[in-house]
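Now for the letters of each chain:
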Amino acid sequence: MNIADKILAKDELSREDIIYLLLTTDEDERLSLFNKAKYTTQKYSGSKVNLRGLIELSNICKKNCYYCGIRAGNKDTERYLLNSAHAMEAAEYAWKKGFGSVVIQSGERQDKAFTRHITDLITQIKTLSNQELGITLSCGEQSEDVYREWFEAGAHRYLLRVETSSPELYRKLHPNDDLHDFERRIEALKSLQKVGFQTGTGVMIGLPYQSVEHLADDLIFMKNLNIDMAGMGPYVPHPDTPLFYHSEDIPEDTRRLDLSLKMIALLRIMMKDINIAASTALNTLDPNGRAKAVAAGANVFMPNVTPPAQASNYMLYEGKPIFTDTAETALVEFEEHIQDLGFTINYNMLGDSKHYHNRIAKKGL
Ligand code: SAH
Ligand code: SF4
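Rules used in this analysis
- Residues numbered from 1 in each chain as written.
- Chains lettered and ligands numbered in written order.
- Predicted model: local features only at pLDDT ≥ 70, side-chain atom pairs only at ≥ 80, totals over all residues.
- Heavy atoms only, no water.
- Helix = DSSP H or I, 4+ residues; strand = E, 2+ residues; numbered from the N terminus.
- Rg over C-alpha atoms; globule rule 2.2 N^0.38 Å.
- Buried < 20%, exposed > 50% of the residue type's maximum accessible area, 1.4 Å probe, protein only.
- Contact = heavy atoms within 4.5 Å.
- Core = buried A, V, L, I, M, F, W, Y, C linked by side-chain atoms within 4.5 Å.
- Expected span 1.5 Å × (residues − 1).
- Near = heavy atom within 4 Å.
- Nonpolar A, V, L, I, M, F, W, Y, C, P; charged D, E, K, R; others polar.
- Polar contact = N/O pair within 3.5 Å; in protein donor to acceptor, adjacent residues only side chain to side chain.
- Areas by Shrake-Rupley, 256 points an atom, 1.4 Å probe, with all protein chains shown as cover.
- Axes fitted to C-alpha atoms, helices over the stretch in contact; angles between N-to-C directions.
- Parallel < 35°, antiparallel > 145°, perpendicular 65-115°, else oblique.
- Left-handed = near helix turned anticlockwise from the far one by under 90°.
- Salt bridge = Lys/Arg side-chain N within 4 Å of Asp/Glu carboxyl O.
- Pairing = 2+ DSSP bridges.
- Right-handed = clockwise from strand over helix to strand, strands pointing away.

Caption draft 1: Representation of the overall build of the protein. What the protein contains, in helices and strands, is 15 helices and eleven strands. Expected size for 365 residues packed as a compact globule is a radius of gyration near 21 Å; at 19 Å, the protein falls within 12% of this value. Seen through its principal axes, the protein has C-alpha atoms that stretch 60 × 45 × 45 Å. In the protein, buried positions account for 59% of the 365 residues. Partitioning the contacts of the protein with sequence separation of at least 6, the portion at a separation of at least 24 is 76%.

What follows is the structure, given as structure tokens:
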């Protein structure tokens, strides 16, 4: 029995345990971690991977996060907002292919024209699918009223990454102003929970200035917040962003991949029944990255269904797969790989977070 096995036999992991597992380079210890995570997914959430068709609704954003390719300050990007017809084309594709759910993701803006557009789309998607297609939103920080409007229109899951749980690190990654305020982001997460969304958060992994202690604290933060879903992935530098000039200060690709997979595995072990996404950014580090994430505890896959003409402008990071990674080809390849791992795709199902339903059931007692 190696040290990792001893740690993994415990009911609760301490901060030191998490740090040990994030740091280990021993092959047997890594395998112990990933195998325990995979077993945990299968035991608590089943051997099914849930699908969400990802609709990148707009790259218009009023924020200036230092890491993001579609930040307002990047003048080299052609801006777009999918109109109803284009967005519905994407939703219909996901519906017909049996994806069960869509994710609407967008740059952040709070004006009424935008928030109403989202409300209308939610209503139209529900009508298109006899109320059956699930809708996850990822449209940044909004007022509680707007979150409620979207929830009442039929969206039921929301992903808002905290990016890092360290206020100091957050300040190094964002301009220091009201628009990029750590506390406001936490408040927004709490509003989402209050309104009733299945709430997801997550962090970027392998950022400049980020330590394994930060990452351990991120995991503990997510557990304490009692989230229902997580979306975590490697940080991938984009040349038209201020943080790109710190690319020498980040771990190399193989280490960022290793850390990302370990973060997924550890979160799975710490929060057994939540949904964890295999993030698209993993594929920039390894063509098989998202299937590896399933082997490490992920159970959600989000093929991109954005019409290609617009998707090429939704470049959050460099090398984001688009033309080589259409929903169809990505899914076929992914499906083959996960079958080898003993998983199948959960077609035509909402694929809700089991944690959410267990949480609600407990409350009712
Ligand atoms: N505007 C919304 C949603 C779109 S951005 C929001 O910020 O919440 C979605 C996610 O993309 C962000 O939360 C961030 O974690 C991720 N992202 C942005 N730039 C990235 C980069 N360079 N590398 C990896 N992930 C990035
Ligand atoms: Fe805008 Fe989100 Fe990118 Fe920040 S991460 S600049 S909020 S799209």
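The rest of the description comes next.
Caption draft 2: Geometry of the nonpolar core. Ranked by internal contacts, the top residues of the largest apolar core, which has 103 residues, are Ile118, Leu137, Tyr147, Trp150, Tyr158 and Leu267. Among the elements that take part in this core, helix α10 (residues 253-270) stands out by supplying ten residues, more than any other. Ignoring any residue separated from it by four or fewer positions in sequence, one finds Leu137 in contact with Ile104, Ile118, Ile122, Trp150, Ala155, Arg157, Tyr158 and Leu159. Leu54, Val103, Ala277 and Val300 belong to the second-largest nonpolar core, a separate cluster that totals five residues.

Caption draft 3: Layout of helix α9 (residues 212-225). In a regular helix each residue adds 1.5 Å, so 14 residues correspond to 20 Å; α9 covers 20 Å between its end C-alpha atoms and thus fits that length. Restricting attention to buried positions, one finds in α9 the residues Val212, Leu215, Ala216, Asp218, Leu219, Phe221, Met222 and Leu225. Where α9 is buried, its residues contact α2 (15-23), α8 (182-195), β6 (198-201), β7 (204-205), β8 (229-234) and α10. Within two residues after α9, Asn226 carries a phi angle of roughly 55°, on the positive side.

Caption draft 4: Quick peek at helix α5 (residues 112-128). The terminal C-alpha atoms of α5 lie 24 Å apart, and with 17 residues this matches the ideal 24 Å at 1.5 Å per residue to within 8%. Among the residues of α5, those classed as buried are Phe114, Thr115, His117, Ile118, Thr119, Leu121, Ile122, Ile125 and Lys126. Turning to α5, the residues buried within the fold contact β2 (53-58), α4 (84-96), β3 (101-106), β4 (134-138) and α6 (144-153). Just downstream of α5, Asn130 is the residue with a positive phi angle, here 50°.

Caption draft 5: Structural context of unusual backbone geometry. Unlike most non-glycine residues, Asn130 shows phi in positive territory, near 50°. Despite not being glycine, Glu163 has its phi angle at roughly 75°, a positive value. As for its placement among the helices and strands, Glu163 is situated in the loop between β5 (157-159) and α7 (167-173). When its relative accessible area of 9% is taken as the criterion, Glu163 is described as buried.

Caption draft 6: Examining the site of ligand 2 more closely. Every residue close to ligand 2 is listed here: Cys61, Lys63, Cys65, Tyr67, Cys68, Ile70, Arg71 and Gly107. Residues that form the shell around ligand 2 fall into these classes: five nonpolar, one polar and two charged.

Caption draft 7: How the structure looks around the side chain of Ser101. Checked against the element boundaries, Ser101 lands in strand β3. The buried category is assigned to Ser101, whose relative accessible area is 0%. Within the local environment of Ser101, its side chain forms a polar contact with the backbone oxygen of Leu350, the two atoms lying 3.2 Å apart. For Ser101, the residues in contact, after removing those within four places along its chain, are Leu51, Arg52, Gly53, Leu133, Gly134, Arg157 and Leu350.

Caption draft 8: Spotlight on the site of ligand 1. Close to ligand 1 lie 17 residues, the nearest being Tyr67, Arg161, Glu163, Arg185 and Val236. Measuring from an oxygen atom of ligand 1, one finds a side-chain N or O atom of Glu163 at 2.6 Å. Within the side chain of Arg185, one N or O atom sits 2.9 Å away from an oxygen atom of ligand 1. Bound to the protein, ligand 1 loses 92% of the 540 Å² it would expose on its own. The residue inventory of the shell around ligand 1, partitioned by class, reads nine nonpolar, five polar and three charged.

Caption draft 9: Representation of the packing of α5 against α6 within the structure. Look at α5 against α6: their axes get within 9 Å of each other, and the N-to-C directions meet at 15°. As far as their axial angle goes, α6 and α5 are roughly parallel. Handedness of the crossing formed by α5 with α6: right-handed. In contact with Thr115, Ile118, Thr119, Ile122, Thr123 and Lys126 of α5, α6 contributes Val146, Glu149, Trp150 and Ala153. Its residues assigned to classes, the contact of α5 with α6 comprises five nonpolar, three polar and two charged.

Caption draft 10: Region of the structure containing the pattern of salt bridges. Counted by the stated rule, this structure contains 21 salt bridges. One salt bridge in this structure joins Glu141 and Arg184, with 3.9 Å as the shortest N-O distance. Here Glu141 is found in the loop between β4 and α6, whereas its partner Arg184 is found in helix α8, with 43 residues between them in sequence. For Glu141, a relative accessible area of 5% corresponds to the buried category. Asp352 is paired through a salt bridge with Arg157; the nearest N and O atoms lie 2.7 Å apart. Note that Asp352 is positioned in the loop between β11 (344-345) and α15 (354-364) and Arg157 in strand β5, a separation of 195 residues in sequence.

Caption draft 11: Fine view of the pairing of strand β9 (residues 275-278). The two faces of β9 match: Asn275 and Ala277 on one face and Ile276 and Ala278 on the other face are all buried. As paired elements, β8 and β9 share four bridges and run parallel to each other. Its bridge partner lying in β9, Gly231 is registered against Ala277. Viewed along the sheet, the connection from β8 through α10 into β9 turns out right-handed.

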